Amino acid sequence: MNYTELTGKSILLLGKTRALNTEEFDTLLKVHKIKRAKSYDQEVSLIIEGRMMNPYEQEESARLYETGEAPIIELSQFEEWLCQSIEPNRLLMSLKLSRNQERLVDFLQNPYITDELFFKLLHLYDWQNEGLFDNDTNRDVTASIIGRFYHDLDRNHNVQYAMSGLAHLIERYGNTPLIEAISQLAPIAREIKTPSDRSYNGVLDAIALHPDTPVSLLRLLLAERSELLAHRVPLSLETELLNIEKVHPILAHNESLSRQGVALLSESFGDVIAAHTLLDEALFEHFFTLYPRQLASNPSLSESMQERLIRSENDEVLKALASNGALSTSRCTDLYASGRFSAALAANPSLPDTMLNALSQSNDPSVLGALAANPSTPIDLLFQLSLDQRFERSVKTNPAFGKHIQTHNIGWN
């Protein structure tokens, strides 16, 4: 329906408003020169079913539906249209001057305002020097943040009222504007500056690890969360992190460590870097002589690099290579045909189903145990392996098996 056609006409609202309070609803009606009738008459062009209709209103709605006096719609679509008429600058100025926190909270709970306006309104809220959930109003505002951006809220309503819900929101649905807005909430900004409340740790950890967190904010978290920042891929603040000795072992595992970082840490952690860094030909050549076994487990090996390692004919190198998920199909075939390294191959998530099925005929417990834990092992094989007590636990903790059970709603004890 084109609601602009209601200009100069009347509507009838049965029940109460939802996203807007009555005063705001009527104010926006006036913007469009729409009148709100107290009861039905011939001037009414639209009937709106709101929330919490009393018995009389329910009866009137049923009667009007039967007689077809005027179109009847549900409230939400009309409120959404009305909210498009809100003038952000005028609203912000009004709220700043009036300091009407109750009205502000009403707008923060309105799902139809834009995210841009929502973030600006959030800056105006007074947390009264208390925590996110320390009083009813703070809890409502925090819930409005989570509820607005948590996409599948219908499946988990309680997430709105827990600190873990805010952390999960950042992890799953975070983006730069949302993360910045959350970091600027007074209770969280205070915790970033002067850490004292461990209940915020999950939220701050999520901010530290999220790829869209601005560098300026990461810098504020550096002192307390250097270990987490050292895990980020790609790395941010690498120069600062390299000056913190306790995070060097973590940095050595980071695939995005720069060449300067590799050079600085190679003396102490060369074997770790060889196994994890993003390789180019120069790095491969550098580590090929020093740490060939560790190099063989690096997930960024190219096929030519794999071929070089295979030609080394070193059993330890070939065993590490056999379990590398980056191993090409042709190299898998070569190692499988050799009849060696079966347990390592059985653990390789890139191994083709034909080879996994063939390996399942083995009587070697190490091979079968590796298959039980391999997320690429076909489900029917996992069911068979689960019948053997030796491998039951590995199957049950196999993420692919757990996902299959959940997806197919199969009970499993």
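Refer to the structure printed above.
Residues numbered from 1 in each chain as written. Predicted model: local features only at pLDDT ≥ 70, side-chain atom pairs only at ≥ 80, totals over all residues. Heavy atoms only, no water.

K.L.:
For the side chain of Asn135, give the residues involved together with the corresponding values.
P.N.:
Looking at the element boundaries, Asn135 is found in the loop between α6 (115–124) and α7 (136–149). For Asn135, a relative accessible area of 16% puts it in the buried group. Within the structure, Asn135 has its side chain in polar contact with the side chain of Glu130 (distance 3.3 Å). (Helix = DSSP H or I, 4+ residues; strand = E, 2+ residues; numbered from the N terminus. Buried < 20%, exposed > 50% of the residue type's maximum accessible area, 1.4 Å probe, protein only. Polar contact = N/O pair within 3.5 Å; in protein donor to acceptor, adjacent residues only side chain to side chain.)

K.L.:
Tell me about the pattern of salt bridges, and name the residues and values.
P.N.:
Across all of its chains, the model carries 21 salt bridges by this definition. Across the salt bridge formed by Asp280 and Arg259, the nearest N and O atoms sit 3.5 Å from each other. In this pair, Asp280 is assigned in the loop between α16 (259–276) and α17 (281–290) and Arg259 in helix α16, connecting sequence segments 21 residues apart. Its relative accessible area of 36% is what places Arg259 among the partly exposed residues. The salt bridge partner of Arg331 is Glu307, with a shortest N-O separation of 3.2 Å. A residue pair is termed long-range when its members are at least 10 positions apart, and Arg331 in helix α21 (residues 329–337) and Glu307 in helix α19 (residues 303–311) qualify at 24 residues. (Salt bridge = Lys/Arg side-chain N within 4 Å of Asp/Glu carboxyl O.)

K.L.:
Report on the packing of aromatic side chains, specifying residues and quantitative values.
P.N.:
Inspection of every chain in the model, using the stated rule, returns 12 aromatic pairs. Ring plane angle 50° and centroid distance 5.3 Å describe the contact between Tyr3 and Trp81, whose orientation is recorded as tilted. Highlighted residues: Tyr3 in the segment before β1 (10–14) and Trp81 in helix α3 (residues 75–83), separated in sequence by 78 residues. Both residues of the pair, Tyr3 and Trp81, count as buried. Linked through ring pairs, Tyr3, Phe25, Phe78 and Trp81 together constitute an aromatic cluster. Here the basic side chain of Arg308 rests over the ring of Phe288, its NZ or CZ set 4.5 Å away from the ring centre. (Phe/Tyr/Trp six-rings, centres within 6.5 Å; stacked < 30°, edge-to-face > 60°. Lys NZ or Arg CZ within 6 Å of the ring centre and 35° of its normal.)

K.L.:
Can you tell me about α7, naming the residues and giving the values?
P.N.:
Here α7 contains 14 residues, and its C-alpha end-to-end distance of 20 Å stays within 8% of the 20 Å for a straight helix at 1.5 Å per residue. Along α7, the residues that are buried comprise Asn138, Val141, Thr142, Ala143, Ser144, Ile145, Ile146 and Phe149. Summarising the contacts, the buried residues of α7 are in contact with α5 (101–108), α6, α8 (163–173) and α9 (176–183). At the N-terminal end of α7, a side-chain oxygen is found 3.1 Å from the backbone nitrogen of Thr137, two or three residues along, and the residue is Asn135. (Expected span 1.5 Å × (residues − 1). Contact = heavy atoms within 4.5 Å.)

K.L.:
So what's going on with helix α10 (residues 186–193)? Which residues, and what values?
P.N.:
When we look at burial in α10, the residues that qualify are Pro187, Ile188, Glu191 and Ile192. With its buried residues spanning 135° around the axis, α10 presents them on a single face. The inward-facing, buried residues of α10 contact α8, α9, α11 (201–209) and α12 (215–221). (Arc of directions from axis to C-beta.)

K.L.:
Describe in detail the nonpolar core, supporting the description with residues and values.
P.N.:
By size, the foremost hydrophobic cluster in this structure holds 119 residues, and its most contacted members are Phe78, Leu121, Leu169, Ile182 and Ile188. Examining the composition of this core, we find that six residues originate from one element, α8, more than from any other. When residues no more than four places from it in sequence are discounted, the contact partners of Phe78 are Tyr3, Leu6, Ile11, Phe25, Leu29, Leu46, Ile48 and Ile73. Among the nonpolar cores identified, the runner-up in size contains eight residues, and Leu12, Ala37, Ile47 and Ala70 belong to it. (Core = buried A, V, L, I, M, F, W, Y, C linked by side-chain atoms within 4.5 Å.)

K.L.:
Give me the lowdown on the sheet that holds strand β2 (residues 35–37), citing residues and values where you can.
P.N.:
Pairing between sheet strands relies on hydrogen bonds along the backbone, with the strands arranged either parallel or antiparallel. Spatially, the four strands line up as an open sheet ordered β2-β1-β3-β4, and their pairing is parallel. Each edge of the sheet is formed by a strand with only one pairing partner; in this case those strands are β2 and β4 (72–74). In this sheet, adjacent strand axes meet at a mean angle of 35° when their direction is disregarded. Note: β1 against strand β3 (residues 44–49), five bridges, orientation parallel. Within β3, the position partnered with Leu14 by the bridge is Glu49. Against the sheet, α3 engages β1, β3 and β4, with an angle of about 75° to β4. (Pairing = 2+ DSSP bridges. Axes fitted to C-alpha atoms, helices over the stretch in contact; angles between N-to-C directions.)

Without other data, these values stay purely geometric and don't point to any function.
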